[in-house]
Amino acid sequence: EILRNEAQSNAIGAFTMGHSSYTSWNLASSFPQAAVALKVLSVVQGGTAMMHGKKAWESYSLCQEFKSFEQKLIKVIGDLKEIKRSMKACEEKYIARIALWDYQQVSQWVKALGAVYVSIGEEFEKDKVNGKELMDMDHDDLEAFGLKKRLYRKRLLTKIAELNHQ
């Protein structure tokens, strides 16, 4: 109904260029359907009114497509926000789980990183380093545990950081 009224209004607007308001009113009451009005106007105006009506219809269609797209986009954005909240909650739970690791879990994880880290894993086990302490390690701590090469300390700290951000 709204589309019909809009198309009819646009068609009448195109027709009234140079005609009186009375003629427009008369046309609107005589032809309640926009398609009939446009056919009559196209004959009267040599197709000009039909073009205006077609443009109005195309504008209306584009507007409807945009509104539909906008609604879908709003839903997708909402879904993405929900996914982000869920991921953050999972990350917090995962980090909390690492903080709850006992010294044996810490030792196993460190040893699994490779042969270079087996002795450090054993030192962590001997000193009962837990997950919370692992997450708080820095270069000096790792050096005190016997990891002398800076590159190996850097790699282990990178692995710990990755563990914190998984």
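Here is what the cut-offs are and how they apply
- Residues numbered from 1 in each chain as written.
- Predicted model: local features only at pLDDT ≥ 70, side-chain atom pairs only at ≥ 80, totals over all residues.
- Heavy atoms only, no water.
- Helix = DSSP H or I, 4+ residues; strand = E, 2+ residues; numbered from the N terminus.
- Buried < 20%, exposed > 50% of the residue type's maximum accessible area, 1.4 Å probe, protein only.
- Contact = heavy atoms within 4.5 Å.
- Areas by Shrake-Rupley, 256 points an atom, 1.4 Å probe, with all protein chains shown as cover.
- Core = buried A, V, L, I, M, F, W, Y, C linked by side-chain atoms within 4.5 Å.
- Salt bridge = Lys/Arg side-chain N within 4 Å of Asp/Glu carboxyl O.
- Arc of directions from axis to C-beta.
- Polar contact = N/O pair within 3.5 Å; in protein donor to acceptor, adjacent residues only side chain to side chain.
- pLDDT = per-residue confidence, 0-100.

Asker: I keep staring at the overall build of the protein and nothing clicks. Help me out?
Answerer: What the protein contains, in helices and strands, is nine helices and zero strands. The buried share of the protein, taken over its 166 residues, is 24%. Pairs at least 24 apart in sequence give 53% of the contacts found in the protein among residues at least 6 apart. Only carbon and sulfur atoms are counted for the fraction: they give 58% of the accessible area of the protein, which is about 11400 Å².

Asker: Mind showing me how you'd approach the nonpolar core here?
Answerer: Within the largest apolar cluster, 18 residues are counted, with the highest numbers of intra-cluster contacts made by Trp109, Val110, Phe124, Leu134, Met137 and Leu156. Elements represented by at least two residues in this core include exactly α5 (103–111), α6 (118–126) and α9 (150–165). In terms of residue count, α9 provides more of this core than any other element does, four residues in total.

Asker: Where do I start with the pattern of salt bridges in this structure?
Answerer: Proximity of charged atoms lets side chains of opposite charge pair with each other. With the rule as written, the count across this model stands at six salt bridges. Taking the shortest distance from any N to any O, the salt bridge between Asp79 and Lys75 comes out at 3.2 Å. Of this pair, Asp79 and Lys75 both sit in helix α4 (residues 48–99), separated by four residues, roughly a single helical turn. Exposure remark for Asp79: the relative accessible area of 37% places this residue in the partly exposed category. Here Lys75 falls in the exposed class, since its relative accessible area comes to 54%.

Asker: Which parts of the structure should I look at to understand α5?
Answerer: Count 3.6 residues to each turn of an α-helix, and residues three or four apart come out pointing the same way. Taken together, the buried positions of α5 are occupied by Val106, Ser107, Trp109 and Val110. Considered in projection along α5, the buried side chains sweep an arc of 165° and stay on one side of the axis. In this fold, the buried residues of α5 make contact with α6, α7 (131–135) and α9. By the N-cap criterion, in which a side-chain oxygen at the helix start approaches the backbone nitrogen of a residue two or three places on, α5 is capped by Asp102, the distance to Gln104 being 3.0 Å.

Asker: What should I look at first to understand the confidence of the model for the protein in this one?
Answerer: Low-pLDDT portions of the prediction should not be read for the details of their coordinates. Residue-level pLDDT values for the protein average 74, and 60% of them are 70 or greater. Across residues 11–32, confidence stays below pLDDT 50; counting only partners more than four residues off in sequence or on other chains, it has 25 contacts.

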